[in-house]
Every structure is written in structure tokens, then in C-alpha cells.
Amino acid sequence: MKNWPWLILTPAIIFVLIGLFAPFLMTHDPTVQDYKAILSPASWSHWLGTDYLGRDMYSRIIGGARTSLVAMVFVLLAALVIGVVIGSFAGYVGGRTELVLISIIDIALALPSLIIALALIGVFSGASWSWMSDYWKMIIALTLAWWANYARMSRAVVVAELQQPYIEAARVMGASHMWIFTKHILPHVLGLVVVYASADAGALVLAIATLSFLGLGVAPPTPEWGQMLVDGMSYIEEFPSLVIIPGLALTAVVVSFNLLGEAFALQKVPKAVRGGLLRRKKATRAAEETARAATEAKV
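Residues numbered from 1 in each chain as written. Predicted model: local features only at pLDDT ≥ 70, side-chain atom pairs only at ≥ 80, totals over all residues. Heavy atoms only, no water.

Engineer: Explain the confidence of the model for the chain to me, using residue names and the numbers behind them.
Structural biologist: For the chain, the average pLDDT comes to 85, and 85% of its residues sit at 70 or higher. Of all the helices and strands in the chain, helix α10 (residues 275-298) carries the lowest mean pLDDT, 59, while helix α2 (residues 57-93) carries the highest, 94. (pLDDT = per-residue confidence, 0-100. Helix = DSSP H or I, 4+ residues; strand = E, 2+ residues; numbered from the N terminus.)

Engineer: Please set out α2 residue by residue, giving values where relevant.
Structural biologist: The first and last C-alpha atoms of α2 sit 53 Å apart over 37 residues, in line with the 54 Å expected at 1.5 Å per residue. Two or three places before Y58, at the opening of α2, D56 has a side-chain oxygen 3.5 Å from that residue's backbone nitrogen. Where α2 terminates, the next one or two residues include G94, which has phi positive at roughly 75°. (Expected span 1.5 Å × (residues − 1). Polar contact = N/O pair within 3.5 Å; in protein donor to acceptor, adjacent residues only side chain to side chain.)

Engineer: Any details on the packing of α2 against helix α3 (residues 95-109)? Residues and values, ideally.
Structural biologist: Here α2 crosses α3 at 145°, and the two axes come no closer than 7 Å. Seen along the crossing, α2 lies across α3 with a hand that is left-handed. Along the contact surface, α2 presents I86, F89, A90, G91 and V93, while α3 presents G95, T97, E98, L101 and I105. Classifying every residue of the contact of α2 with α3 gives six nonpolar, three polar and one charged. (Axes fitted to C-alpha atoms, helices over the stretch in contact; angles between N-to-C directions. Left-handed = near helix turned anticlockwise from the far one by under 90°. Contact = heavy atoms within 4.5 Å. Nonpolar A, V, L, I, M, F, W, Y, C, P; charged D, E, K, R; others polar.)

Engineer: So what's going on with the packing of aromatic side chains? Which residues, and what values?
Structural biologist: In this structure the tally under the stated criterion is ten aromatic pairs. In textbook terms, an aromatic cluster arises when at least three aromatic residues are bridged by ring pairs, as seen for F15, W225 and F257. (Phe/Tyr/Trp six-rings, centres within 6.5 Å; stacked < 30°, edge-to-face > 60°.)

Engineer: If you had to explain unusual backbone geometry to someone new, which residues and values would you point to?
Structural biologist: The residue after P220, namely P221, is reached through a cis peptide bond having omega 5°. Here P221 lies in the loop between α7 (177-213) and α8 (225-233). Positioned with a positive phi, L39 is a non-glycine residue whose angle comes to about 55°. Note on placement: L39 falls in the loop between α1 (10-25) and α2. Of the residues examined, L39 reaches a relative accessible area of 19% and is grouped as buried. (Buried < 20%, exposed > 50% of the residue type's maximum accessible area, 1.4 Å probe, protein only.)

Engineer: Could you give me a rundown of the layout of surface pockets, with the residues and numbers involved?
Structural biologist: Roughly 310 Å³ of internal volume is contained in the largest pocket. Around the largest pocket sit 17 residues that line it, and M72, L76, S198, A201 and F257 are the ones nearest its centre. At the level of elements, α1, α2, α7 and α9 (241-266) are the ones that each hand at least two residues to the lining of the largest pocket. The element that contributes the greatest number of residues to the lining of the largest pocket is α2, accounting for six residues. Here the lining of the largest pocket is composed, by residue class, of 16 nonpolar, one polar and no charged. For the second largest pocket, the lining is made up of 13 residues, of which I14, I18, I61, W225 and A249 are closest to its centre. Residue composition of the lining of the second largest pocket, grouped by class: 13 nonpolar, no polar and no charged. (1 Å grid on protein atoms, 1.4 Å probe; cavity = no way out; pocket = protein on both sides within 12 Å on 5 of 7 lines; lining within 4 Å. Points joined across faces, edges and corners; volume = space filled by probe spheres on them.)

Engineer: Residue-level account of the pattern of salt bridges, with values.
Structural biologist: All told, the structure shown has five salt bridges when counted by the stated rule. Here D51 makes a salt bridge to R55, at a shortest N to O gap of 2.8 Å. Across the pair, exposure class does not vary: D51 and R55 are buried alike. For E168, the salt bridge is made with R171, and the minimal N-O distance between the two is 3.9 Å. Of the two residues, E168 and R171 both sit in helix α6 (residues 165-172), three residues apart, roughly one turn of that helix. Relative accessible area serves as the criterion here: at 34%, R171 is assigned to the partly exposed category. Connected through shared salt-bridge partners, D51, R55, R60 and D231 make up one network. (Salt bridge = Lys/Arg side-chain N within 4 Å of Asp/Glu carboxyl O.)

Engineer: Describe the nonpolar core, and please don't skip the residues or the numbers.
Structural biologist: Membership of the largest hydrophobic core comes to 64 residues, with the highest contact counts inside it found for F15, M72, M138, L142, I185 and W225. Top contributing element to this core by residue count: helix α5 (residues 134-162), with 15 residues. When near neighbours in sequence (up to four residues on either side) are disregarded, L142 contacts V75, A117, L204, A207, I208 and L211. (Core = buried A, V, L, I, M, F, W, Y, C linked by side-chain atoms within 4.5 Å.)

Below, the structure is given as C-alpha cells:
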């Protein structure tokens, strides 16, 4: 990634850093309402102004980054673990077990992840789930909707690796199934799914904002970018900054994570040899052949 424009990845890095150090970066409590400062413009006391309830926009943007980061990390880790376990088990065991698990994965992939998350949130809205907050309902719903892609990729990698000669050699030498999987197969599986997860993080941040925008994700007054977009829509003509600021933050983070995943993926693609380097290699090879021919002629 030497030649990759790291400046493009800055929003993703800033997003992670802000999410980690949000409590130290906030200038106000993002949930406190100040009716004397409703819809105030940017000032020294409120760097990005205030919203329709007098809440500090800067602190809410910072708090929204932390909310999205925590949810994203939980969902990605849980979905990755579930997907890798199910997909790897299906690919390694094979037979009817693989057929059943592949059928379940195909069913999970038949619908868009966001549709599945919406359906699951609807199920979790019942009285029997009232003990759980909307935030964790969203995390669980997204996890159950997100694991299938990781399972499919894990299964494909395991099946491909099992065909390699070194796996058969390890079996002949008496290696156990667990040793073969953890030492030879799992590193290849994780290498692929982690690259995919780096790009998937942007889609997940967008899904979190979408659910909150629809009123099915993070509940007020917790700061979240999708919820901030909903709150600002009623004032978009008079105070467009209420929509523009969280919209720009969300766009920058999503695009940056997508480019990050693309950058990691490009490292696995063989790079073309440049013309000048190719000519130098040909010249060096020709000189070596000439010197070899001259030596043989003297002999």
C-alpha cells in the first residue's frame, strides 16, 4: 500500500479514534437540552451550533461516532465468528452436514441483510423482549443478518485448501484434524474474511444509520448519525447544517471504509511490471547470455 493515497483513508482512521476517545473530546453532554440555545449558530460555546432542542451538535457528532463504532465492532466480530465457525465446519466435514448448512446459508443470503434485520427487529419488538434495549436489539438483529457472507467465504476457502497436497501430507504424517485446521486452514480463512470485513464495515455503519433513520435502531436521546438526520429533516430549509453535518460525516466514513477494503484487496492482485523495469530485466538477461556464450566459446 506504499502508493495508496492514505489521505483518502483519513476519515476511517479519524472515525475510529473519535469513537475511542469520545468522552474526552466532547465539550457538552450530547443528551442535555438547553432551551435558551435552540437552533443557535456556530459559536465559541457551540462549535457546530445546536439542534432543535438546544443540544450541542459537535458533541452529538462525536457521540454518534462512538455509538456507531461500538455497534459496528460488536456486529462484525460476532458475525465473523459465527460465519467462520459455521462455514469452516461445513466445508471441512462435508457430506450431508455440509448440504444442510449450505442450505441454511443460501436461505440467509436470499434476502438483503437489511430486510432480514428489519424483520428480526420486528420480532424483538414483542413484549417478551421488553427487557432488552433497542440498541442491543439492533446489534443482535444485524449480527443474525450479517453472518452468512462470512460463512459462504469460509466454506469456499476450506474446500479449496483441503484439495492442496500439503493437507494430504499432513494427514499421512498423523496430524490431527484440529491441528490441520488451526495451523493450515484457519489462517487462510481469516486472511480473506478480515479483508472483506474491512470493506463491510462501511456498509454496516450505513445500515446502523438506516435503521436509526427508520426509527428501528438507536433510540433518542442517544446520539446517532441516522437519528440526527431524522431530527434535522424538519428544519432542512432554515437550518440545513442539521442534516449536512451528520450526512457528510456518514458519507466520509462509508466511502473511506470501502476504499480501505479495496486497498487491502488490491494487495493480493499481481502488479504489472512497468516498461522501464521490463526493459532493464531483458537487457540484464541478454548481457548474462552474452557473457555465458563468450565463456563457452573460450573453453
